[in-house]
Amino acid sequence: MAGIAERTGAAEKKETDMPKISRAFFYLTELPIRWGRSLPEITGWALAGRLNLMVPIAPVQCGIERASGIVRVRAEDVARLFHPDHPIHLSCAVIRILPTGALDPVYVTDPAGGIEVRLRDLMLDAGEVSDFEQVNDLLGIGTRSGRKKTGGNSGQGRPAAYEWETMLVDVMIDISENGLPDKQDDFLKLILDWFTENSADGMVPEVSTVRKRYAQIWWRLQDRL
C-alpha cells in the first residue's frame, strides 16, 4: 500500500510541476468579463482598427489560392454581429479574409456566398490582447515601459539580414512628419514599403517577421502619441 501511495503522490507532484502553456487566443465574448467593459465598447475599438479579429475556417478558395486555419477578418465586415438587436446565434456572411502573413484582404470565391461567421466564433491573438491590456491598463496593474525578454542570441550569431535600424529611423521620421497610422497594419506597411524601396537585392522580410518585431512598437507609440 505504501508503494502505491508513493507512486500516486509522485504522479500528482509530477502533474502539478508541469509548466503551464500560455493561451494562444481569446474569444471576443470573453473580453467583457476579463476587462470589465461592455461588448459594444470593445467592438468599437475593433471597428476603430485597434483590435484585430480572427476566425477559424475550413479550406476555402480565394481565386487560384486556398486558405484555411486561423484568418483575420475586418471588423467592419462583421459589424452586423455587434448590433444589440442581432440574435447572438445568427451568422453573417464574410466574403473577404486576411490569411496568415497578409496585410491586404483576399476575396472568397468558393463558396460563392463567403464564409458564415457568428459572434462567438471571433477570436483575438493572446499577444495582442496582452499588449492592448498593458497600453490601456485594462487589468488595473499599471502600464509597463517594457516587456520581459523572451529569448535572443545575446548578441551572438549571424548578423541581421536586413537594415532594421536604418529602416526604423526613417519610419520614425515619417511618423514625426505625417503622424502615427491609426491602424497597426498601416504601420507595418510603412516598414514593408521602406524595404521595398531601399533593398539593394530586392529582399523584403516576411510580414509575420515584421509583425513579430514591430507590432509592439505601434502599441507603445499609441500610448505615447
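The coordinates are above.
One structure accompanies this document, and this report is about it.

Criteria and cut-off values
Residue positions are given per chain, counting from 1 as you read along its sequence in written order. Side-chain atom pairs in this predicted model are given and counted only at pLDDT of 80 or more, local residue features only at pLDDT of at least 70, and totals for whole chains, interfaces and linings cover all residues. With hydrogens and water stripped out, all remaining heavy atoms of the structure feed into the side-chain values. For helices the rule is a DSSP run of H or I covering at least 4 residues; for strands it is a run of E covering at least 2, with both sets numbered from the N terminus onward. To estimate how far a helix should extend, the number of its residues minus one is multiplied by 1.5 Å. Buried residues are those whose accessible area, probed at 1.4 Å on protein chains only, stays under 20% of the maximum for their type, while exposed residues exceed 50% and partly exposed ones sit between those limits. Working note: the arc is built from the helix axis to C-beta atom directions. The rule is simple: put a 1 Å grid over the protein atoms alone, call a set of points where a 1.4 Å probe fits but cannot get out a cavity, call an open set with protein on both sides within 12 Å along at least five of seven lines a pocket, and count a residue as lining if it has an atom within 4 Å of a point. Grid points are joined across faces, edges and corners, and a volume is the space filled by probe spheres set on the points. Put simply, Ala, Val, Leu, Ile, Met, Phe, Trp, Tyr, Cys and Pro go in the nonpolar bin, Asp, Glu, Lys and Arg in the charged bin, and everything else, Gly too, in the polar bin.

**Here's the deal with helix α5 (residues 164–178)**
(1) Moving on: Taking 1.5 Å of rise per residue, 15 residues should cover 21 Å, and α5 covers 21 Å from first to last C-alpha, within 8% of that figure.
(2) Moving on: What α5 keeps buried is the set Trp164, Met167, Val171 and Ile175. Seen end-on, α5 carries its buried residues on one side only, within an arc spanning 70°. Turned more than 90 degrees away from the buried face of α5 sit Glu165, Val169, Ser176 and Glu177, all of them exposed.
(3) Moving on: Looking one or two residues beyond α5, the residue adopting positive phi is Gly179, at roughly 90°.

**Quick word on empty space enclosed by the protein**
(1) Moving on: Summed over the entire model, instances satisfying the criterion amount to one cavity of 30 Å³ or more.
(2) Moving on: Considered as a void within the structure, the largest cavity measures approximately 160 Å³ in volume.
(3) Moving on: What lines the largest cavity is a set of 15 residues, among which Gly49, Leu51, Asn52, Arg72 and Arg74 lie closest to the centre.
(4) Moving on: Elements with a contribution of two residues or more to the lining of the largest cavity: α3 (39–47), β3 (65–73) and α6 (184–198).
(5) Moving on: Along the lines of polarity and charge, the residues of the lining of the largest cavity split into seven nonpolar, three polar and five charged.

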